[in-house]
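Below, each chain spelled out in residue letters.
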Amino acid sequence: MANNPRKKNPPEEESKVIPLIKGRRATSYDVARLAGVSQSAVSRCFKPGSSISGKMRERVMKAAKELEYQPNAIARGLITQRSNLVAVLVSGRLNLYYPEVLFKITE
């Protein structure tokens, strides 16, 4: 019997991996869907000192690793109104002390 092109094969084992649009970064909502938790739970997981159980943190971190998720620092800055950035203005004059100062600032 020939394969009928109209007949669909039964679905194989369903994967929990969420297909992402090519070129789009994973979001906290994608991680939440994969881990089976709320988006706020994902957010708490990446916030130091927040209240979240070890089991839930493990599930979220596993999903985040699978999706290669990294929290967006710009988005967090918009929410918290803190950028954690320091601006350094250096004049055009050559000073041999500037490189050392900039090095210490970045540590």
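Up top is the structure.
Residues numbered from 1 in each chain as written. Predicted model: local features only at pLDDT ≥ 70, side-chain atom pairs only at ≥ 80, totals over all residues. Heavy atoms only, no water.

This part takes up the packing of helix α1 (residues 28-35) against helix α3 (residues 54-67). Think of two packed helices as two axes; the pair is described by the angle between the axes and how far apart they sit. At a minimum axis distance of 9 Å, the contact between α1 and α3 shows a crossing angle of 120°. When the interaxial angle is binned, α1 and α3 end up oblique. Like other packed secondary-structure pairs, α1 and α3 cross with a definite hand, here right-handed. Along the contact surface, α1 presents D30, V31, L34 and A35, while α3 presents R59, V60, A63, A64, E66 and L67. Per-class residue counts for the contact of α1 with α3 are 7 nonpolar, no polar and 3 charged. (Axes fitted to C-alpha atoms, helices over the stretch in contact; angles between N-to-C directions. Helix = DSSP H or I, 4+ residues; strand = E, 2+ residues; numbered from the N terminus. Parallel < 35°, antiparallel > 145°, perpendicular 65-115°, else oblique. Left-handed = near helix turned anticlockwise from the far one by under 90°. Contact = heavy atoms within 4.5 Å. Nonpolar A, V, L, I, M, F, W, Y, C, P; charged D, E, K, R; others polar.)

Positive phi, normally seen in glycine, also occurs at E68, with a value near 55°. Inspection of the secondary structure puts E68 in the loop between α3 and α4 (73-80). Positive phi is not limited to glycine here, since Q81 has a value of about 60°. Residue position: Q81 is located in the loop between α4 and α5 (98-106).

Turning our eyes to something else, we now look at the pattern of salt bridges. Counting across every chain of the model gives 1 salt bridge. In this structure, R24 engages D30 in a salt bridge whose closest nitrogen and oxygen atoms are separated by 3.2 Å. (Salt bridge = Lys/Arg side-chain N within 4 Å of Asp/Glu carboxyl O.)

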